[in-house]
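Structural overview
Listed here are the chains, written in short residue letters.
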Amino acid sequence: MRKVSVLMAFLITGYILGIWNFLVLPKYYINFGLKGFLVSLIPTLIALFLIYSEADSTKKTRYLIYELFFKIARTPALIFVLLMFLLVMLGVTTYYSAYGLIFMFGLSNSYGYVALMIIATVLLSAGLLVLAKGHTLEFISVVSILFILFAIAAAFLVRGQALGAINSEQAHLYIKEAVSSITSFGQPLSGKGILYLIVSTLVSFGLGTGVYYVIGSFSPEDLDFKKVLVGVFILQVIISFAAAFTMAYSLGVAYEGAQRAYLNPNIPPAEALKLSIQFQSIQQYTTNSTQSPMHSIGVFYAIPQVLRGNVKNDTSLIVLLMLSLYLAGLTTIIVLMEMGSQMLSEVMQFSRTQSLGFISLLGMVVSGAMLVHDTRTMFVVVPFAVGALVAGAEAYPLLSSELAYSRLIGSLIAILLGIGAVTVYYAFTSPSAAVKVGALLGLVLFVPIFLNGVLLKSRR
């Protein structure tokens, strides 16, 4: 049982630590410094308390998630809301994890290769769940340890390679400014940036997909969720700061590479322009706190492009960095598929193989649809626009007097609904039609709630 408890701790770690720690959170650690980090502790504490309460509710009652929602909360429709949100998160995570393989293998950034990596990632995850069976926890544990070590090692290696490769005084200045801002209390805060930071932090903890209820339903009695969550939080901070430093040192390399290309007549103008655009995108990432997460989420993939040819051992470094990102995403994908399969089995009475196949197919479809730029924007908008609302809906069953969380949970749900209302407002006031459609799609996820009465009657 002690071994199972340790493996469960790694499962939760693997699920929470994911692509957002590489793609989004580092932006705010650079822009806001330690002041922003302190602000991020507010949504972190909210998320940790909700995670603990959700897992503890099914751990104590030994209800499955659908039983808890039906017998205690009387809201079986919420299961369908969480399942649809889970599918969106599965598709988004799969796309951005698979996309990193393009740079790791040095492939052309074409629809065909990205689609191939998406299919391979989904099949790999489903195959591991089918074949590994009782050893899934061990696999996730090993992968979690590897990507944590890889991410930290990559940060140190990028630093050493960057400092050894650049000669420009301006490039060193860019690095110095970015690095000092990460560890400074003097960085200015912005209202819109703080909102994005709060939402990004909530999204990074994986709320809204119902995973923690499912985990609690089969977790060992002696598993101490509090200790696990404290450990996960510490690791999340380490990984996010490591990614922030990686981005800071890459800024100097990007500037140096763009300057070299501009001054070298043997480099085609198109290539020089590409390097200049990559430098500008990283610069925006590290200096513009009000830039929407939808515009900055892909900037991390500029790092392998600016490293290639501009530092020694660039191939090894790119593989290490992109493999860290991929493994972070893979552990999240496996957990989402397994938990989604269990939820679907409870609701629709499917066998495990049927539910796993259904979840895999839908996740592949959503991820494949993201090959189209506007569709990709639309799906990425969903967690940032309505993620807080879905997290509030997910916490609703905890209001039951039978679970003894009602007083504080009510206040936290109100806070989440307030944050969600503001993010939806910003999405609908965006000039981008894709962003507006994404926010609308997010609200459509709540349609099953209006059918709750029908589901209660049919259940009887």
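Within every chain, residues take consecutive numbers counted from 1 along the sequence as written. Two thresholds apply to this predicted model, a pLDDT of at least 70 for residue-level local features and 80 or more for giving and counting side-chain atom pairs, whereas whole-chain, interface and lining totals are computed over all residues. For the side-chain quantities, the full set of heavy atoms in the structure was used; hydrogens and water were omitted.

Description of the overall build of the protein chain
Strands are runs of DSSP state E lasting at least two residues, helices are runs of H or I lasting at least four, and both sets are numbered from the N terminus onward. What the protein chain contains, in helices and strands, is 20 helices and 0 strands. Our radius of gyration is a C-alpha quantity, and the globule rule it is checked against amounts to 2.2 Å times the number of residues to the power 0.38. In terms of overall dimensions, the protein chain is globule-like: its C-alpha atoms have a radius of gyration of 22 Å, near the 23 Å expected for 460 residues. Here the C-alpha coordinates of the protein chain stretch approximately 75 × 45 × 45 Å along the principal axes. Taken across its 460 residues, the protein chain has 60% of its residues classed as buried. Note on exposure labels: buried denotes an accessible area under 20% of the residue type's maximum, exposed denotes more than 50%, and partly exposed covers the range between, all computed with a 1.4 Å probe on protein chains only.

Some points on the side chain of Thr-93
By the element assignment, Thr-93 lies in helix α5 (residues 77-104). Beyond its immediate chain neighbours, meaning those up to four positions away, Thr-93 contacts Ile-19, Gly-329, Thr-332, Ile-333 and Leu-336. Here, residues are in contact when the closest pair of their heavy atoms is within 4.5 Å.

Here we look at the packing of aromatic side chains
Whether two aromatic rings pair depends on their centres lying within 6.5 Å, for rings of Phe, Tyr and Trp, where Trp uses its six-membered ring; planes under 30 degrees apart make the pair stacked, over 60 edge-to-face, and the rest tilted. For the structure shown, the criterion picks out 20 aromatic pairs. When the ring of Tyr-15 is compared with that of Tyr-212, the centres are 5.7 Å apart and the planes differ by 70°; the resulting orientation is edge-to-face. Taken together, the residues span a long stretch of sequence, with Tyr-15 in helix α1 (residues 2-16) and Tyr-212 in helix α10 (residues 211-218) at a distance of 197 residues. The same class applies to Tyr-15 as to Tyr-212, namely buried. Relative to Tyr-301, the ring of Phe-103 has its centre 6.0 Å away and its plane inclined at 25°; by these criteria the two rings are stacked. A residue pair is termed long-range when its members are at least 10 positions apart, and Phe-103 in helix α5 and Tyr-301 in the loop between α13 (293-296) and α14 (302-307) qualify at 198 residues. An aromatic cluster of at least three residues, connected via ring pairs, comprises Tyr-95, Tyr-96, Tyr-99, Phe-103 and Tyr-301. Here, over-ring charges are defined by two tests on the NZ atom of lysine or the CZ atom of arginine: distance to the ring centre within 6 Å, and angle to the ring normal within 35 degrees. Its end group placed over the ring of Tyr-285, Lys-27 keeps NZ or CZ at 5.3 Å from the ring centre. The ring of Phe-70 is capped by Arg-74, whose NZ or CZ atom sits 5.0 Å from the centre of that ring.

Things to note about a nonpolar patch on the surface
Taken together, Phe-428, Leu-440, Leu-443, Val-444, Val-447, Ile-449 and Phe-450 make up a surface patch of nonpolar side chains, about 640 Å² in accessible area. At 3 residues, helix α19 (residues 433-444) tops the list of elements feeding residues into the nonpolar patch. When you line up the elements, Val-447 lands in the loop between α19 and α20 (452-459). Put simply, a patch holds well-exposed residues, over 30% relative accessible area, that have no salt bridge, with like charges counted together within 9 Å and Val, Leu, Ile, Met, Phe, Trp or Tyr side chains within 5 Å. Each accessible area value is a Shrake-Rupley result obtained with a 1.4 Å probe; residue values ignore everything except the protein chains displayed when judging cover. Note on definitions: salt bridges are taken to be side-chain nitrogens of Lys or Arg within 4 Å of carboxyl oxygens of Asp or Glu.

Comments concerning the nonpolar core
Here, nonpolar core means buried Ala, Val, Leu, Ile, Met, Phe, Trp, Tyr and Cys residues that are tied together by side-chain atoms lying within 4.5 Å of each other. Ranked by size, the top nonpolar core spans 172 residues in total, and within it Ile-12, Ile-16, Trp-20, Phe-22, Leu-23, Tyr-96 and Phe-300 carry the most contacts. Per-element accounting of this core gives the leading share, 20 residues, to α5. Those residues in contact with Tyr-96, other than ones at most four positions away along the chain, are Ile-19, Leu-23, Ile-297, Tyr-301, Leu-325, Met-370, Arg-376 and Val-380.

Here we look at empty space enclosed by the protein
Any space left empty among the atoms is revealed by the rolling of a water-sized probe across them. Here a cavity denotes a set of grid points, spaced 1 Å apart and computed over the protein atoms alone, in which a 1.4 Å probe fits but from which it cannot get out, and a pocket denotes an open set meeting protein on both sides within 12 Å along at least five of seven lines; residues with an atom within 4 Å of a point are reported as lining. Grid points are joined across faces, edges and corners, and a volume is the space filled by probe spheres set on the points. The final tally for this structure, using the stated rule, is 3 cavities of 30 Å³ or more. Its boundaries defined by the atoms lining it, the largest cavity holds a volume of some 110 Å³. Contributing elements (two or more residues each) for the lining of the largest cavity: α1, α5, α9 (191-204) and α15 (314-348). Its residues placed into classes, the lining of the largest cavity shows 9 nonpolar, 6 polar and no charged. As a volume, the second largest cavity reaches approximately 80 Å³. As for the second largest cavity, its lining consists of Phe-85, Met-89, Val-199, Leu-202, Val-203, Gly-206, Leu-207, Gly-387, Ala-388 and Ala-391. Within the residue set of the lining of the second largest cavity, elements represented by two or more residues are α5, α9 and α17 (373-395). For this classification, Asp, Glu, Lys and Arg are treated as charged, while Ala, Val, Leu, Ile, Met, Phe, Trp, Tyr, Cys and Pro are nonpolar and the rest, including Gly, are polar. Class assignment of the residues belonging to the lining of the second largest cavity gives a composition of 8 nonpolar, 2 polar and no charged.

Regarding α19
In a helix, the anticipated span is given by 1.5 Å times the number of residues less one. Counted at 1.5 Å a residue, the expected span for α19 with its 12 residues is 16 Å, and the 16 Å between its end C-alpha atoms agrees. Between N or O atoms, a polar contact is any pair within 3.5 Å; within protein, one atom must be a potential hydrogen donor and the other a potential acceptor, and residues adjacent in sequence are included only when both atoms are from side chains. With a side-chain oxygen lying 3.3 Å from the backbone nitrogen of Ala-434, the N-terminal cap of α19 falls on Ser-432.

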